[in-house]
Amino acid sequence: MDAAMNAPIIRLAAVSKSFQAPRSGGIVEALRDVSLDVRPGEFLSIIGPSGCGKSTLLSLVAGFLPPTSGDIHFDGRQITGPSPERGVMFQDYALFPWRTVIENIEFGPFARGIGRRARRENARQLASLVGLAGFEDRYPHELSGGMRQRCALARLLANEPKVWLMDEPLAAVDLQTRIILQDELLRLWGDGIESCARPTVVFVTHGIDEAVLLADRVVVLARRPGRIKAIIDVDLPRPRAPLRSAPEVARIVEQLWNVIRDEAAMAIAEEGN
């Protein structure tokens, strides 16, 4: 029993990914030899300079892309494609503009063949849970950026995935909304409860402070080709929201910045060449 509980829910073993550049036809190596175990119920943040393969790594775990080499397993099974057990949330909301809030939220259960009454009731509960009660019949263009992201989060939750794969989900909103959504995300995830009762989160972000506030561990990727440069444990108590301005958070942010600073500077210099 203990061995099963301690087994990683996601395992990447020597994973590499290369693409063919559309213009030059040359090969671009996005990731190289990435090995990583993600624990059940943990919140794992991934940071790194632009172009280091963070989003590519998330797409591989989601099953949207196959690795060029290496293996990726979810719950002991090799990932061969997308699955409702691995829900994905994007930076650009990815809502269907022709569907209302409630119709967007219930899309996953609809695609899985869940009956209309059951999926609609669940969608209304989720709309209320994320603060969209009263907006169920609005279309995405009638919502603020923060409300669209709440809708995207509710849509993810509707499938009750074991893993939340989140690709810079708060990057497109203003700072005040981001702070509110960070707190909401922690609440919905189950910040402060036993890890065995929580989903697993893999969270890609450019924000070092955001990564530290949310995560149990932070993975730092080196510039392209993306490789794991460091994995930092965030040894802070939960719940986290009250610690937002704590000196302990600032200490770990500084530690991570010292790890990533040179990589970020070199990545910018290489982009200019």
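Structure: above.
To start, this report covers the structure provided alongside it. None of these values were measured; they are calculated from a predicted model.

1. Considering the sheet that holds strand S3 (residues 43-47)
Note on sheets: strands pair through backbone hydrogen bonds, and any given pair is parallel or antiparallel.
Consideration 1: In space, the six strands of this open sheet follow the order S6-S7-S8-S3-S9-S10, with mixed pairing throughout. One side of each edge strand has no neighbouring strand; the edge strands of this open sheet are strand S6 (86-89) and strand S10 (228-233). Strand-to-strand twist in this sheet, taken as the mean axis angle between neighbours without regard to direction, amounts to 15°.
Consideration 2: In this fold helix H2 (residues 54-62) packs onto S3, S6, strand S7 (163-167), strand S8 (200-204) and strand S9 (217-221), with an angle of close to 150° to the strand it touches most, S7.
Consideration 3: The sheet strands contacting helix H7 (residues 175-189) are S3, S7 and S8, and the helix crosses S7 at an angle near 165°.

2. A short note on the nonpolar core
Consideration 1: In terms of nonpolar packing, the biggest core is built from 51 residues, with Phe43, Ile47, Ile105, Trp164, Met166, Leu185 and Leu256 touching the most fellow members.
Consideration 2: No other element matches helix H6 (residues 145-158), which puts eight residues into this core.
Consideration 3: Residues contacting Ile105, with those up to four places away along its chain left out, are Ala123, Leu126, Ala127, Cys151, Ala154, Arg155 and Ala158.
Consideration 4: Grouped together as the second largest cluster of nonpolar side chains are 25 residues, Ile10, Leu31, Val38 and Val61 included.

3. Regarding H2
Consideration 1: For H2, the buried fraction is high: eight of the nine residues fall into the buried class.
Consideration 2: In the stretch just after H2, Gly63 is the one whose phi turns positive, near 90°.

4. Some thoughts on the sheet that holds strand S4 (residues 69-74)
Consideration 1: Spatial strand order, S2-S1-S4-S5: four strands in an open sheet with antiparallel pairing. The sheet terminates laterally at strand S2 (27-38) and strand S5 (77-78), the two strands that pair on one side only.
Consideration 2: By the bridge criterion, two bridges tie S4 to S5 in an arrangement that is antiparallel. Considered in S5, the bridge of His73 is made with Gln78.
Consideration 3: H2 rests against strand S1 (10-20), S2 and S4 of the sheet, and its axis sits at about 120° to S1.

5. Some points on the packing of H6 against H7
Consideration 1: One can describe the packing of H6 onto H7 by two numbers: an axis separation of 11 Å at closest approach and a directional angle of 15°. Considered as vectors, H6 and H7 are oriented roughly parallel to each other. For the element pair H6 and H7, the recorded crossing hand is right-handed. Contact with H6, carried on its side by Gly146, Gln149, Arg150, Leu153 and Leu157, involves Thr177, Ile180, Leu181, Glu184, Leu185 and Leu188 of H7 and no other residues of that element.
Consideration 2: Along the lines of polarity and charge, the residues of the contact of H6 with H7 split into six nonpolar, three polar and two charged.

6. Section: the packing of aromatic side chains
Each aromatic ring pair is summarised here by two numbers: the centre-to-centre distance and the angle between the ring planes.
Consideration 1: By the definition in use, this model includes six aromatic pairs.
Consideration 2: Considering the side-chain rings of Phe43 and Phe203, the 5.6 Å spacing of their centres and the 50° angle between planes classify their relative orientation as tilted. On the criterion of sequence distance, the pair formed by Phe43 in strand S3 and Phe203 in strand S8 is long-range, its members being 160 residues apart.
Consideration 3: In this structure Phe43 comes out as buried when scored by relative accessible area, which is 0%.
Consideration 4: For Phe203, a relative accessible area of 0% translates into the label buried.
Consideration 5: Three or more aromatic residues joined by ring pairs make a cluster, and in this case those are Phe96, Trp98, Phe107 and Phe110.
Consideration 6: Across from the ring centre of Phe74, 5.4 Å away, lies the NZ or CZ of Arg86, which sits over that ring.
Consideration 7: Over the aromatic face of Phe96 sits the side chain of Arg155, whose NZ or CZ is 5.8 Å from the ring centroid.

Reading the values: the criteria
Residues numbered from 1 in each chain as written. Predicted model: local features only at pLDDT ≥ 70, side-chain atom pairs only at ≥ 80, totals over all residues. Heavy atoms only, no water. Pairing = 2+ DSSP bridges. Helix = DSSP H or I, 4+ residues; strand = E, 2+ residues; numbered from the N terminus. Axes fitted to C-alpha atoms, helices over the stretch in contact; angles between N-to-C directions. Contact = heavy atoms within 4.5 Å. Core = buried A, V, L, I, M, F, W, Y, C linked by side-chain atoms within 4.5 Å. Buried < 20%, exposed > 50% of the residue type's maximum accessible area, 1.4 Å probe, protein only. Parallel < 35°, antiparallel > 145°, perpendicular 65-115°, else oblique. Left-handed = near helix turned anticlockwise from the far one by under 90°. Nonpolar A, V, L, I, M, F, W, Y, C, P; charged D, E, K, R; others polar. Phe/Tyr/Trp six-rings, centres within 6.5 Å; stacked < 30°, edge-to-face > 60°. Lys NZ or Arg CZ within 6 Å of the ring centre and 35° of its normal.

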